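The primary structure of each chain is shown beneath.
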Amino acid sequence: MARGSNQKFKFTYLMKIMAEKTDDEHSLTMAQILDELGRYGVSAERKSIYDDFRDMAEFGIEIIKEQKGRETFYHIAGREFELAEVKLLIDAVQSAKFITQKKSKALIDKVKDFVSEYQAKQLQRQIFINDRVKTMNESVYYNVDDIHTAINQNRKIKFKYYKWNIDKKLVARHGGSFFTVSPWALLWDDENYYMIAFDDWDHKIKHYRVDKMMNICICEEERAGKEEFKNFDMAKYSKATFGMYHGDKTKVCIRFANHMCGVFIDRFGKDILFMKSDENFSELIVDINVSPQFFGWIFSLGKDVEVVSPKKVVDEIRVYTREFLKKYE
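An account of the accompanying structure is given in this report.

Reading the values: the criteria
Residues numbered from 1 in each chain as written. Predicted model: local features only at pLDDT ≥ 70, side-chain atom pairs only at ≥ 80, totals over all residues. Heavy atoms only, no water. Axes fitted to C-alpha atoms, helices over the stretch in contact; angles between N-to-C directions. Helix = DSSP H or I, 4+ residues; strand = E, 2+ residues; numbered from the N terminus. Parallel < 35°, antiparallel > 145°, perpendicular 65-115°, else oblique. Contact = heavy atoms within 4.5 Å. Nonpolar A, V, L, I, M, F, W, Y, C, P; charged D, E, K, R; others polar. Buried < 20%, exposed > 50% of the residue type's maximum accessible area, 1.4 Å probe, protein only. Arc of directions from axis to C-beta. Pairing = 2+ DSSP bridges.

### Here's the deal with the packing of helix 1 (residues 10-21) against helix 3 (residues 46-58)
Phase 1 of the analysis: Where helix 1 meets helix 3, the axes come as close as 11 Å, and the angle between the chain directions of the two elements is 75 degrees. Considering the angle they form, helix 1 stands roughly perpendicular to helix 3. Residues Lys10, Phe11, Leu14, Met15 and Met18 of helix 1 form the contact with helix 3, whose own contacting residues are Ser48, Ile49, Asp52, Phe53, Asp55 and Met56.
Phase 2 of the analysis: Of the residues that constitute the contact of helix 1 with helix 3, the class distribution is seven nonpolar, one polar and three charged.

Structural data, given as structure tokens:
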């Protein structure tokens, strides 16, 4: 048999063909496999294909042989990512506000390579990006890489931090001055990406929207905040911070109707302690970064939920409510 022009790539092309053209519901006969190889300028004998299938098993790629009537079919068995897992990855990419529309499409196209071309067609039906709110900062991917690098090298970073103005333009905060902080972690919350850092000027742990950060530079100075982050609990921080808005952390007691318990389990986890108030109501005490966003969340839960202490927070809610109602009198 004459050797094809891409003979040295035979094994690579065979893996590509089996990955793209077969799955649990789609198989190829040996004749079809040889024909597909021919499209890549590769010729092969059946025996060599059997040998390649055995070698693939060494890479964790199992090829299943199945008899259907007089024909023998072959397909790849199992993949690094199952179809359901790839669907989850695509959903995550689509829902992430910090990923631009352009990059979302590019990432989804790459993720689709994890499945066969037939499964990729199923994925295409679930892809809806155009109407989602997405960041317009294309540098967010490089920002994440720079932040990870600074964390791994134990270095501070400096950057300019931006916000939207009424003209829908991004303008630099603090007159365009650089922020210098010590990055310690990255957190995905409420469809946005945040950097958690220590500001040794204010001696506080703060967070910053990654897509609002620009002109990031890694400093030579080592990070501060080691003691503050020694016992830092990212999960608790996320639960206590509503919409990632800053506020004074306070232990707040909330009274609620028992049928509302699922709302608090979903928000704070199963480890929270419910204290029986009477036959129909219970209370819980949680650490909250008190902010208008927290008040809004409480209001959204309706009449069967109320903050009962501390008095300072209850008074803040009363003032906030009065000011809110004045706008509609």
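Next comes the rest of the write-up.
### Observations concerning helix 2 (residues 30-39)
Phase 1 of the analysis: Listing the buried residues of helix 2 in full gives Met30, Ile33, Glu36 and Leu37. Taken around the axis of helix 2, the buried residues stretch over an arc of 120 degrees, which confines them to a single face.
Phase 2 of the analysis: Summarising the contacts, the buried residues of helix 2 are in contact with helix 1, strand 1 (28-29), helix 3 and strand 3 (71-77).
Phase 3 of the analysis: Count one or two residues on from helix 2 and you reach glycine 41, which has phi positive near 75 degrees.

### Here we look at unusual backbone geometry
If a residue is not glycine, its phi is most likely negative; likewise, a peptide bond is most likely trans.
Phase 1 of the analysis: Cis geometry marks the peptide bond from serine 309 to proline 310; its omega dihedral reads 5 degrees.
Phase 2 of the analysis: For proline 310, the position within the fold is in the loop between strand 13 (305-309) and helix 12 (311-326).
Phase 3 of the analysis: One non-glycine residue, histidine 174, adopts positive backbone phi at about 50 degrees.
Phase 4 of the analysis: A positive phi angle, near 55 degrees, is found at asparagine 215, a position not held by glycine.

### Focus: the pairing of strand 4 (residues 155-164)
Phase 1 of the analysis: Two strands pair when backbone bridges link them, and strand 4 and strand 9 (residues 213-222) are joined in this way by five bridges, in the antiparallel orientation. Pairing of lysine 158 across the sheet is with cysteine 217, part of strand 9.
Phase 2 of the analysis: Note that strand 4 and strand 6 (residues 179-189) share three bridges and pair antiparallel. Paired with lysine 158 across the bridge in strand 6 is threonine 180.
Phase 3 of the analysis: Of the strand pairs in this sheet, strand 4 and strand 5 (residues 170-172) are connected by three bridges, and their pairing is antiparallel. The residue bridging tryptophan 164 from the neighbouring strand is leucine 170, located in strand 5.

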